[in-house]
Protein chains: 2
Amino acid sequence: MSVTFADVQAAAERLKGHAVETPLFESPALNERLGGRVLLKLETMQRVGAFKFRGAYNRLVQLDAEQRKAGVVAFSSGNHAQGVALAAKLLGMPAMIVMPSDAPAIKVEATRGYGAEIRLYDRINESREAISDEIAKSRGAVVVPAFDDPHIAAGQGTAGLEMMAQAKAANAVFDTLVSPVGGGGLLSGISLVVKELSPKTEIWGAEPSVYNDLAQSLASGAKVTIKPSTRTLCDALESPSTGDVTWPILKANLTGAVGLTDPEVAEAMRYAFQTLKLVIEPGGSVGLAALLTGKVDARGKTTGVVVSGGNVDPALFAKILRGEI
Amino acid sequence: MSVTFADVQAAAERLKGHAVETPLFESPALNERLGGRVLLKLETMQRVGAFKFRGAYNRLVQLDAEQRKAGVVAFSSGNHAQGVALAAKLLGMPAMIVMPSDAPAIKVEATRGYGAEIRLYDRINESREAISDEIAKSRGAVVVPAFDDPHIAAGQGTAGLEMMAQAKAANAVFDTLVSPVGGGGLLSGISLVVKELSPKTEIWGAEPSVYNDLAQSLASGAKVTIKPSTRTLCDALESPSTGDVTWPILKANLTGAVGLTDPEVAEAMRYAFQTLKLVIEPGGSVGLAALLTGKVDARGKTTGVVVSGGNVDPALFAKILRGEI
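Every residue gets a number counted from 1 within its own chain, in the order that chain's sequence is written. Chain letters start at A and ligand numbers start at 1, both assigned in the order the entries are written. Where totals are concerned, whole chains, interfaces and linings use all residues; where local detail is concerned, this predicted model gives features only for residues with pLDDT of at least 70, and gives and counts side-chain atom pairs only at 80 or more. Note that the side-chain values use all heavy atoms of the structure and ignore hydrogens as well as water.

This part takes up the pairing of strand β5 (residues 117-121) of chain B. All names here are of chain B. We call two strands paired when DSSP finds no fewer than two bridges between them. The helix count covers DSSP runs of H or I at least four residues long, the strand count covers runs of E at least two residues long, and both are numbered beginning at the N terminus. Relative to β5, strand β4 (residues 95-100) runs parallel, the two sharing 5 bridges. Residue pairing for β5: M96 is matched across the bridge by E117. By definition, the crossover connecting two strands over a helix is right-handed if that path, from the first strand to the second, turns clockwise as seen with the strands pointing away from the viewer. Read from β4 through helix α6 (residues 105-113) to β5, the crossover connection turns out right-handed.

Given below as structure tokens:
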């Protein structure tokens, strides 16, 4: 089952009045630093502090009365968990979220705060898929995938629809668009919009360099699944591969993907704090980091950047501010 | 010399294309927490990270060719310094800034970064007014006051013009407006706009409780000058009195003023970090703190809040995140 531009438009109708239309923000200081025009889509200001609410709501609002009664189950390290939990709360259905026991505390607490039941699991010795399937079976609940689902991708793509309209209002035409990418739900949805409305725009994915499965996939022409031996700062982007729904779209629409290291991500977070006055989580700042490092060239161009989330533990943020990472 | 609504409109024309039209942001989570509708004017996203650029540019752009050649001098603990320094740079004139030696390092460095010359002074043993006057005399430079100047107040008031237009676009009519207040340049300018366009809106000032000269002045009916023996977290609001220009406007237009303690300010900054994903400096967060503490009641109302600046030292922000303040 594929996703189309029309699906994103339909999702935008469903989200109207429920999702925040987040600002597209232009900073003269950032423009000067990069020698081009840069517009930041601030999904940090979305409900739950990340774009994930869009896809979750678009998926859950389409469940029928019987499905709503049984509720939903999702596994996620954090932002998808919160998106599903809040969407379920707003739509009056139960939600069970399966989260790794080492997920950022801020994300676990926030998810619980939206009224979801939490089941923590051990990343090493347990399978989150198996746990979720078991819960789904015993309760009759619907499993809500984090990215590999056409309704999820269409929902995330609504951020791209807003970006294009907001850019037009600001007399900006994107030469380039950069977005964080993990499983590709967000970027596949956005790329459908951009290719429809601005076919000449180059689209780049930004991913942690140790989770560069998208760059490897684009290079080889086939979806690659990786097995990194290390973690990254970007807990939201630790996806070993893109999905069956998202990969063909990314393959068709992307110019390329760049990898960012932890120090590069931390530096972008400090820049956002100091100059933009924005709290961005590690995974949310890789697009900005791609520009600041010059890995995606913004000089003399107009570039759109998705800032995808801001859910970072205060203790980690304090460490980064102190330059300890 | 007084200030009028027309002066603010004229300032807005001068600032067009130079100042950022900052977002008026509404957070569903904050609305839910306060039981009302709250719209935040994010002057953290203004050039130099605070509203001060507006007034400085409006003042400096009206200097004639000879005055521009001699340049300007200003004394300020930080945000006004940066505003004057950047405006001077954009307009091609020299700027000398007199700053206390204990000003936040981030503000001193940023001011230097805009190309201004810095003269540090000792808060206890030196008079910044005397130093500034001497520099002005020897160079023929114009002294740019931080708040007690009609062009400065008119420039800051443009934030209010934007707020009113943005609120209208969002179908919001302010029952209440709250803004940080130090010397009153910002709030006097904004209050002129609000009283003209929405006369029923209640206007509140928020100030550090140990620098509550405005509350004392409003209570006694005459401008009070205080001599606090302690500092506050809010380095941007340590003004012992309002000004001869600003006080009559504030007296005429304000409903009242509330005082915030350091712990209340720190708590608001943590809330902004965690839920709004915004970096707000202590002085910039007193309006938000006034709502979160219930000192200004937002329940069942529509409230506009000015978030006036985000220039906070990383080390202090880290301490606040760790709950050490």
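It is worth spelling out the side chain of S188 of chain B at this point. Checked against the element boundaries, S188 of chain B lands in helix α9 (residues 185-197). Contact criterion: two residues are considered in contact whenever any of their non-hydrogen atoms come within 4.5 Å of each other. If we skip the residues at most four places from it in the chain, S188 of chain B touches A153, T246, I249 and L250 of chain B.

Moving on, we come to helix α5 (residues 79-90) of chain B. Residue and element names in this part refer to chain B. What a helix is expected to span follows from its residue count: subtract one and scale by 1.5 Å. Under the 1.5 Å per step criterion, the end-to-end length of α5 is 17 Å for 12 residues, consistent within 8% with the ideal 16 Å. Residue burial is assigned from relative accessible area. The probe radius is 1.4 Å, only protein chains are included, and a residue is buried under 20% of its type maximum, exposed over 50%, and partly exposed in between. Where burial is concerned, most of α5 is hidden: 10 out of the 12 residues are buried. Along α5, the residues classified as buried are N79, H80, A81, Q82, G83, V84, A85, L86, A87 and A88. Taken together, the buried residues of α5 touch α3 (52-60), β3 (72-75), β4, α6 and α8 (150-169). Just downstream of α5, G92 is the residue with a positive phi angle, here 70°.

Here we take up the domain arrangement of chain A. All names here are of chain A. For each domain, the first and last residues come from an automatic or database assignment. In terms of domains, chain A is made up of domain 1 (5-50 + 150-321) and domain 2 (53-143). The centre of domain 1, based on its C-alpha atoms, is set 24 Å off from the matching centre of domain 2. Put simply, buried area is how much 1.4 Å-probe accessible surface two parts lose in total, over both of them, once they are put together. Both sides together, the interface formed by domain 1 and domain 2 hides about 2,100 Å², and carbon and sulfur atoms give 53% of it. Of all residues in domain 1, the largest losses of buried area upon contact with domain 2 belong to R14, V48 and H151, amounting jointly to 28% of the total for that side. The term salt bridge refers to a side-chain nitrogen of Lys or Arg lying within 4 Å of a carboxyl oxygen of Asp or Glu. Taken together, the connections running from domain 1 to domain 2 amount to 5 salt bridges. Two residues, D102 and R231, come together in a salt bridge whose shortest N-O distance is 2.9 Å. Pairing of N or O atoms within 3.5 Å defines a polar contact, subject to two protein rules: one partner must be a possible hydrogen donor and the other a possible acceptor, and residues neighboring in sequence count only if both atoms are side-chain atoms. Put simply, domain 1 and domain 2 have 15 residue pairs in polar contact (both at pLDDT 80 or more) between them. By residue number, the principal contributor to the side of domain 1 that touches domain 2 is helix α8 (residues 150-169), which donates 8 residues. Within the side of domain 1 that touches domain 2, the residues separate by chemical class into 11 nonpolar, 8 polar and 10 charged. Amino acid classes used here: Ala, Val, Leu, Ile, Met, Phe, Trp, Tyr, Cys and Pro are nonpolar; Asp, Glu, Lys and Arg are charged; the rest, including Gly, are polar.

All names here are of chain B. With the rule as written, the count across this model stands at 38 salt bridges over all chains. Between D149 and R59 there is a salt bridge, with its nearest N and O atoms 3.0 Å apart. Within this pair, whereas D149 is found in the loop between β6 (142-143) and α8, its partner R59 is found in helix α3, the two being separated by 90 residues in sequence. Among the residues examined, D149 registers a relative accessible area of 8% and is labelled buried. Measuring nitrogen to oxygen at the nearest pair gives 3.5 Å for the salt bridge that ties D244 to K223. Pair noted here: D244 is in the loop between α10 (213-220) and α11 (246-253) and K223 is in the loop between α10 and α11, with a separation of 21 residues, a long-range link. Taking relative accessible area as the criterion, K223 reaches 31% and is therefore assigned partly exposed.

Across the boundary between the two partners, chain B contributes 29 residues, which contact 30 residues of chain A. The contact between chain B and chain A buries some 2,400 Å² in all, and 69% of this surface belongs to carbon and sulfur atoms. Between the two partners, chain B and chain A, sit 2 salt bridges. A salt bridge links K89 of chain A to E32 of chain B, with the shortest nitrogen-to-oxygen separation between them at 3.5 Å. Scanning the region where chain B abuts chain A turns up 8 residue pairs in polar contact (both at pLDDT 80 or more). Every element with two or more residues in the side of chain B that touches chain A is listed here: β1 (24-26), α2 (28-34), α12 (262-276) and α14 (314-321) of chain B. With 5 residues, α14 of chain B is the single largest residue contributor to the side of chain B that touches chain A. Looking at the side of chain B that touches chain A residue by residue, the classes come out as 16 nonpolar, 5 polar and 8 charged.

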